[in-house]
Amino acid sequence: MSAMVNEPAAGADRVRAEIDLAAVAHNVRLLRRITHPRARLLVAVKADGYGHGAVAVARTALAHGATDLGVAHLAEGLVLRRQGISAPILIFGHTPPQWADQMFTNNLTPTVFSTAAARVLSAAARRTGRRLPVHVKIDTGMGRLGFMCDALRPTGSPSAVAELLETARLPGIDLQGIFTHFATADQSDLRSAQRQLDRFLDLLDQLERAGLSVALKHAANSGAILQMPAAHLDMVRAGIAVYGLPPSREVVSPEIDLQPVMSLKAPVIHLKTVPAGTSISYGGTYTTPRATRIATIPVGYADGYRRSLSNRGHMLVRGYRAPIVGRVCMDLTMIDVGEIPEVAVGDEVVIMGRQRDQAIDAGDLADLLDTIHYEVVSAITARVPRCYATAVPPD
Ligand SMILES: *Cc1c(COP(=O)(O)O)cnc(C)c1O
């Protein structure tokens, strides 16, 4: 017997992340509708589903039109398999070849981005007597991972086609997919992304002529799904849009009605009336200019609510915006509620999300923090319980 007597429900007393799975279902259906009907729909659930919870997001996405999942590394794929998820899983990042066994046992597909790595994987696969399905990644201008396409190679280097043919012919390697990744598909100026697409299509063409046709050709992230239909090919890879966030401020259109999935909420746990001249929080960076009321909220930088929001951000209480006063602490943050009538201990505070006609979205927080909304949601730490609205029945 466990000793779970009187254990409080996670999230009852502190900040919690509410995850709206109906919004995930809505966003995936929307992406399915605008994606080329022939293309598979991979949903990126790396970084614990961009902070939303990879397992719940994966299950919901698969029930509403997703066919494949993408993760950054092996351990993230194992989490999904251990929860009984059987859809194809592509590992985008580096998988050390000594883990080839794990890939076979758990049916995970690694990405290969050099002939050297392919040779080691080939040797590992041969020891098991089986062929390992892999996707190869092509660098067409992102400058991160991949076999460089010819346009990016120093003169005199072997051609991309030569290297890829060598890789495809390695025993134990089953080349099932080939992909590239855009650096700027979330911008309104798509010339550079189009150049990347042209390089990729040109390489595919050369491979075909050399007798190598790969079953699954893919390129599009959320930005390209929304803006570059010609990049949909055999599969698209959706991340941020699944979580209800537009890829960037430049890619917002009224037809694309994405619904944000994550909200952050916490109760007011303490409230006090103070005179003018009261110092608030570490460092004494804020002093009340007049008599007011200060509410203490159980969220802090150890929850991923960044300290640089000190004296800058807002939270929503009773449908009003209350400014953060003083420094954000590890576990607690203070807001000034002097202008808001009838605030009481226990009131629900919305840290990110909607309350009545007010909203603070991940993009607003990102602007204050000089970053992007991807970082805001994926930086919410494991201490914050993810609370799921009821699962949505499959379509
Ligand atoms: C994360 C990721 C995606 C998804 O990108 P979004 O901009 O979130 O849609 C697609 N492909 C790869 C390789 C990724 O790492």
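The structure presented is a predicted model; accordingly, all values stated were derived computationally and were not measured. (Residues numbered from 1 in each chain as written. Predicted model: local features only at pLDDT ≥ 70, side-chain atom pairs only at ≥ 80, totals over all residues. Heavy atoms only, no water.)

### As for the sheet that holds strand β15 (residues 292–297)
One open sheet holds the three strands; their spatial order is β12-β15-β18, and the pairing between them is antiparallel. Since the sheet does not close on itself, it has two edges, and those belong to β12 (270–274) and β18 (333–336), each with one partner. Along the sheet, successive strands turn relative to each other by an average axial angle of 25 degrees, direction set aside. Sheet topology places β12 next to β15; five bridges connect them, and they run antiparallel. From the neighbouring strand, His270 faces β15, where its bridge partner is Thr296. (Pairing = 2+ DSSP bridges. Helix = DSSP H or I, 4+ residues; strand = E, 2+ residues; numbered from the N terminus. Axes fitted to C-alpha atoms, helices over the stretch in contact; angles between N-to-C directions.)

### Some thoughts on the site of the ligand
The environment of the ligand is made up of Lys46, Tyr50, Phe92, His181, Asn221, Ser222, Arg237, Ala238, Gly239, Ile240 and Tyr374. One nitrogen or oxygen atom from the side chain of Lys46 is found 2.6 Å from an oxygen atom belonging to the ligand. In this structure, Arg237 approaches the ligand through a side-chain N or O atom, which is 2.8 Å from a nitrogen atom. Look at the ligand: alone it shows 380 Å² of surface, and the protein chains cover 93% of it. Elements represented by at least two residues in the shell around the ligand include exactly α2 (46–50) and β10 (235–238). By residue class, the composition of the shell around the ligand is five nonpolar, four polar and two charged. (Near = heavy atom within 4 Å. Polar contact = N/O pair within 3.5 Å; in protein donor to acceptor, adjacent residues only side chain to side chain. Areas by Shrake-Rupley, 256 points an atom, 1.4 Å probe, with all protein chains shown as cover. Nonpolar A, V, L, I, M, F, W, Y, C, P; charged D, E, K, R; others polar.)

### Some thoughts on the pattern of salt bridges
In total, this model carries 19 salt bridges according to the counting rule given. Put simply, Arg16 and Glu18 hold a salt bridge, and the shortest N to O gap is 3.0 Å. We classify Arg16 as buried; its relative accessible area is 16%. Looking at Glu18, the relative accessible area reads 25%, which means it is partly exposed. Where Lys265 meets Glu18, a salt bridge forms, and the shortest distance between an N and an O atom there is 2.9 Å. Linking Lys265 in strand β11 (residues 262–267) with Glu18 in strand β1 (residues 16–19), this pair joins segments that are 247 residues apart in sequence. Where salt bridges share partners, they join Arg14, Asp303, Asp331 and Arg383 into one cluster. (Salt bridge = Lys/Arg side-chain N within 4 Å of Asp/Glu carboxyl O. Buried < 20%, exposed > 50% of the residue type's maximum accessible area, 1.4 Å probe, protein only.)

### Overview of the environment of Asn311
In this structure, Asn311 sits in the loop between β15 and β16 (314–317). Separated by 12 residues in the primary sequence, Asn311 and Pro323 place their C-alpha atoms 7.3 Å from one another. Within polar-contact distance, the side chain of Asn311 engages the side chain of Thr285 at 3.0 Å. A polar side-chain atom of Asn311 sits 2.7 Å from the main-chain amide nitrogen of Gly326.

### Description of the UniProt feature "active site" (unreviewed entry) in the chain
The UniProt entry lists Lys46 and Tyr282 under the feature "active site" (unreviewed entry), expressed in the numbering used here. For the residues just named, distributed over 237 residues, the greatest C-alpha separation reaches 35.2 Å, placing them at more than one site. With a relative accessible area of 28%, Lys46 lands in the partly exposed category. With near-sequence residues (within four places) excluded, Lys46 lies in contact with Gly70, Val71, Ala72, Glu76 and Phe92. Topologically, Tyr282 is positioned in the loop between β13 (279–280) and β14 (286–287). Of the residues examined, Tyr282 reaches a relative accessible area of 60% and is grouped as exposed. Contact partners of Tyr282, with chain neighbours within four places excluded, come to Arg327 and Cys329. (UniProt positions renumbered as here; feature names shortened; annotations may be inferred. Contact = heavy atoms within 4.5 Å.)

### Topic: helix α10 (residues 362–369)
Inspection of α10 places Ala362, Gly363, Leu365, Ala366 and Leu369 among the buried residues, and these make up the whole buried set. Angularly, the buried residues of α10 cover 160 degrees about the axis, an arc narrow enough to put them on a single face. Here the buried face of α10 lies against β19 (348–355), β20 (358–360) and α11 (373–378). You can read the cap of α10 off the contacts: a side-chain oxygen lies 2.9 Å from the backbone nitrogen of Gly363, and it is on Asp361. Asp370 lies just past α10 and shows a positive phi near 55 degrees. (Arc of directions from axis to C-beta.)

### Remarks on the nonpolar core
Val45, Leu80, Ile297 and Ile351 are the most contacted members of the largest nonpolar core, which has 118 residues in total. Among all residues touching Ile297, those that are not within four sequence positions of it are Ala266, Pro267, Val268, Met315, Asp331, Leu332, Thr333, Ile335, Val349 and Ile351. Of all hydrophobic cores here, the second largest spans seven residues; its members include Val274, Ile280, Tyr286 and Ile294. (Core = buried A, V, L, I, M, F, W, Y, C linked by side-chain atoms within 4.5 Å.)

### A closer look at helix α8 (residues 191–209)
Compared with the 27 Å implied by 1.5 Å per residue over 19 residues, the 27 Å span of α8 between its first and last C-alpha is a close match. Among the residues of α8, those classed as buried are Ala193, Gln196, Leu197, Phe200, Leu203, Leu204 and Leu207. Down the axis of α8, the buried side of the element spans an arc of 125 degrees, and every buried residue falls inside it. Facing away from the buried side of α8 by over 90 degrees, the exposed positions are Arg191 and Arg209. Against the buried residues of α8 lie β6 (132–139), α7 (160–169), β8 (173–180) and β9 (216–220). Immediately downstream of α8, the backbone of Gly211 shows phi near 95 degrees, a positive value. (Expected span 1.5 Å × (residues − 1).)

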